[in-house]
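Below, each chain spelled out in residue letters.
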Amino acid sequence: MLGNNSTGEAGRDDAPVAAGMDAQADRGSPVTGLSQAESEARLRALAAHRVAIEGVSIEIDGGRFPAKAVAGQPTRIEADIFSDGHDSITAAIAWRRAGDDAVHEASMKLVENDRWAASVVFPENGHYECTILAWCDLFGTWHKEVTKKQAAGQRIALELEEGRHLLQAALDDGRLDAEGQATVAGLLAADAAHAEAAGDAPPVEAARFARLGDSSVVALMLKSGPRTNLTEYRPLTVFVDRRAAAFSAWYEIMPRSQSGDIHRHGTFDDVIARLPYVRDLGFDVLYFPPIHPIGRTNRKGRNNSLTAHEGEPGSPYAIGSEDGGHDAIHPELGSFEDFRRLISAAKDHGLEIALDFAIQCSPDHPWIREHPEWFDWRPDGTIKFAENPPKKYEDIVNVHFYRGAIPSLWYALRDVVLFWVDQGVRIFRVDNPHTKPFPFWEWMIEEVRRKDPGVIFLAEAFTRPKVMKRLAKLGYSQSYSYFTWRNEKQEIIDYLTELTQEECREYMRPNFFVNTPDINPRFLQTSGRPGFRTRLVLAATLGGNYGVYNGFEICEAAPVPGKEEYLNSEKYEIRAWDMNQPGNIQDDIRLMNRLRQSHPALQDFTNVTFYNAWNDKVLAYGKQTGDDFVLVHVNLDPHNTQVFEFEVPLWEFGLPDEASVEVRDLIHGNSFTWHGKNQWLELEPHTRPYAIWQLFAPGVPR
């Protein structure tokens, strides 16, 4: 088990070869062309593997890629499991950490329609191997059939002897431990004595069956009895992340804009001074765009101007100058000692620092001089600038990954990531990974995880859906998504249903960023403060991971006319932010992050269910984990009050439509009772465009 490379179901065939087989072994079959020995070997192998195992939820592309899980949290694994005939079957998930000898099992339960499921808690971050075992439970079949016969008034003397044979087979099988062997041996001895002393009258048969078929005996045989027709599915892999890969709240800043003065470049010390503010808002990841030296050749000016004036800082994505490249720090930010001090201070505030890993270079990057073979050169000897027609990035050149660049560039880029891991960084947001080779990411991410399996990678790939999903399969821990552009009720429902119910739920974890330095969504440009509050609540309560770029809390939305870009973008100039100005939504952010931390239901991404609200401008959905049930209503119209009828999901608690349920308003803290399934609500966008409730099942204390 978990030790072969089979490509399908595998099992055990312990049956002896039929007498006379050797004499016929070399005689070919006129029908199949196989020898008699080959034909019978195939027959016996197929006959032994009687149970079908299909549709395994964690099997990604036939096992080509690992599924994802989180250390210490239940992972639900499902499969279709069935067999011919009427024999009872049972199943289990077998798993172990890669490289370990100890194998653990979790019993699976029948859900419905031959779909079986179990939850596994993988204890630590790292690689795991899993498979599914299924077999015919002959003792369980015997117990089920004899129970029916006895209830029908039939004699069961022969059936009792069959039960004894099954118990004896369990003694001979070797799966029972010493205590189990003693239990079964004692049971058989007591049954034999009882039968000899009392005869075979119906009351005696009933007493014997009560003993042989006791629930404790059934449970023992289910756990440790013979596994007839044992079928083992092919080994599958699961990568188990630390919790921050699946549940995190990101806050993005440009360190150079943290001085509070547009005339002074910010430093790491300025960022340290901002840490209490970020933590007070409830975030746990503080993310920086590139902090490396910025090139001067073709430096961009204010508002992406092709001409930079003296003193303009340029884009941080134009990486590299005479001060160094991807393993250097922009001098005006501070030293490596300052950076490590920032990492430590952030940790003291409960924050992790995430860095941007952008594989692009300014024309001044040292690599161009040291490794010209890593770049594309034009016939006239000039270097090719980056572009995405009609966009041009005159301050950036791209590396290429093949020809003379392999393997040296691959190793260099891997070592850049490992260098920053050594500085204490364990989270990386990767810029435009879809424009780099898939094989590179698969190789590089695994190389990094061999050193530290807790390193998290976020893919910034706003691209075609299949490409986004492929990057997730290759190893990315989190993924940007189309959430940023899903604003209407049905498109939100459709998109979340895809992400949480289809196969991608096993390997793709979206990060619902509401805005970024590159994306000033049109919805926010036109919706005012109500729209910012709406998008915040959707991101924070629908997403396991979500993020905001600073300025969101003051509803910053001034666009470049006609574009989804910020006017006076911080990418090209130093800004000074007043986050306490009137109209800010800091309290909403604090509330969302507090609710996320205090409610287990909001910490899972895939548990969302959409409910009826009879208004196309209102989204209603719930999340449940154990006894924690959170219901959310959001007004998607930032301009108009919406009055609507909605359904209280009483059926989730097994209650009839006319029942009552206890409710707590998680915004104001008051509690009350909803009577009946249908209720009314009004959401005024300028007062509060959302409502969040906790529902209590009967018997669950508040």
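Residues numbered from 1 in each chain as written. Predicted model: local features only at pLDDT ≥ 70, side-chain atom pairs only at ≥ 80, totals over all residues. Heavy atoms only, no water.

Caption draft 1: Just the environment of Y287, in detail. Inspection of the secondary structure assignment puts Y287 in strand β13 (residues 285-288). The exposure class of Y287 is buried, given its relative accessible area of 0%. Along the sequence, Y287 and L351 sit 64 residues apart, while their C-alpha atoms lie 9.9 Å from each other. In this structure, Y287 is in contact with W250, Y251, E252, I253, Y317, A354, L355, D356, R429 and Y480, ignoring residues within four places of it in sequence. For Y287, the side chain forms a polar contact with the side chain of R429, separated by 3.1 Å. (Helix = DSSP H or I, 4+ residues; strand = E, 2+ residues; numbered from the N terminus. Buried < 20%, exposed > 50% of the residue type's maximum accessible area, 1.4 Å probe, protein only. Contact = heavy atoms within 4.5 Å. Polar contact = N/O pair within 3.5 Å; in protein donor to acceptor, adjacent residues only side chain to side chain.)

Caption draft 2: Main features of the packing of aromatic side chains. This structure, assessed with the given rule, holds 44 aromatic pairs. Plain terms: the ring middles of F457 and Y476 are 6.3 Å apart, the flat faces sit at 80° to each other, and that makes the pair edge-to-face. Within this pair, whereas F457 is found in strand β18 (residues 456-460), its partner Y476 is found in the loop between α13 (465-474) and β19 (478-479), the two being separated by 19 residues in sequence. Of the two residues examined, F457 and Y476, each falls in the buried class. Arranged with centres 5.0 Å apart and planes meeting at 85°, the rings of F462 and Y480 form a pair that is edge-to-face. Residue F462 is located in the loop between β18 and α13, and its partner Y480 is located in the loop between β19 and α14 (489-501); the two are separated by 18 residues in the primary sequence. Connected via pairs of aromatic rings, a cluster forms that spans F357, F401, Y402, W410, Y411, F428, F440, W441, W443, F457 and Y476. In this arrangement the basic side chain of R274 is found over the ring face of Y277, its NZ or CZ atom lying 4.5 Å from the centre. Between R449 and the ring centre of F239, over which it is positioned, the NZ or CZ distance is 3.9 Å. (Phe/Tyr/Trp six-rings, centres within 6.5 Å; stacked < 30°, edge-to-face > 60°. Lys NZ or Arg CZ within 6 Å of the ring centre and 35° of its normal.)

Caption draft 3: Here's a closer look at the packing of helix α3 (residues 138-151) against helix α6 (residues 202-212). Contact geometry for α3 and α6: axes closest at 12 Å, N-to-C directions at 150°. For the element pair α3 / α6, the angle class is roughly antiparallel. The handedness of the crossing between α3 and α6 is left-handed. Contact residues: F139, W142, H143, V146, T147 and Q150 in α3; A206, F209 and L212 in α6. (Axes fitted to C-alpha atoms, helices over the stretch in contact; angles between N-to-C directions. Parallel < 35°, antiparallel > 145°, perpendicular 65-115°, else oblique. Left-handed = near helix turned anticlockwise from the far one by under 90°.)

Caption draft 4: Summary view of helix α4 (residues 157-173). Between its terminal C-alpha atoms α4 stretches 25 Å, which fits the 24 Å expected from 17 residues at 1.5 Å a residue. For α4, the complete set of buried residues consists of E159, L160, G163, R164, L167 and A170. For α4, the angular spread of the buried residues around the axis is 150°, confining them to a single face. Seen from the buried face of α4, the exposed residues on the opposite side, beyond 90 degrees, are L158, H165 and D172. (Expected span 1.5 Å × (residues − 1). Arc of directions from axis to C-beta.)

Caption draft 5: View of the side chain of N593. Secondary-structure assignment places N593 in helix α16 (residues 586-598). The class of N593 is buried, set by a relative accessible area of 3%. Residue contacts for N593: discarding those within four places in its chain leaves A249, L281, G282, F283 and Y546.

Caption draft 6: View of the pattern of salt bridges. Applying the stated criterion across every chain yields a total of 46 salt bridges. Of the charged contacts, one joins R208 and D191 as a salt bridge, the two residues approaching to 2.9 Å between their closest N and O atoms. A residue pair is termed long-range when its members are at least 10 positions apart, and R208 in helix α6 and D191 in helix α5 (residues 178-198) qualify at 17 residues. Taken together, the salt bridges that share partners define one network made up of R76, E78, D80 and R115. (Salt bridge = Lys/Arg side-chain N within 4 Å of Asp/Glu carboxyl O.)

Caption draft 7: The arrangement of the UniProt feature "domain: Glycosyl hydrolase family 13 catalytic" (unreviewed entry) in the protein in detail. Mapped onto the present numbering, the UniProt feature "domain: Glycosyl hydrolase family 13 catalytic" (unreviewed entry) falls on residues 252-590. Between the end C-alpha atoms of residues 252-590 there is a gap of 16 Å, over a span that is 32% helix and 12% strand. (UniProt positions renumbered as here; feature names shortened; annotations may be inferred.)

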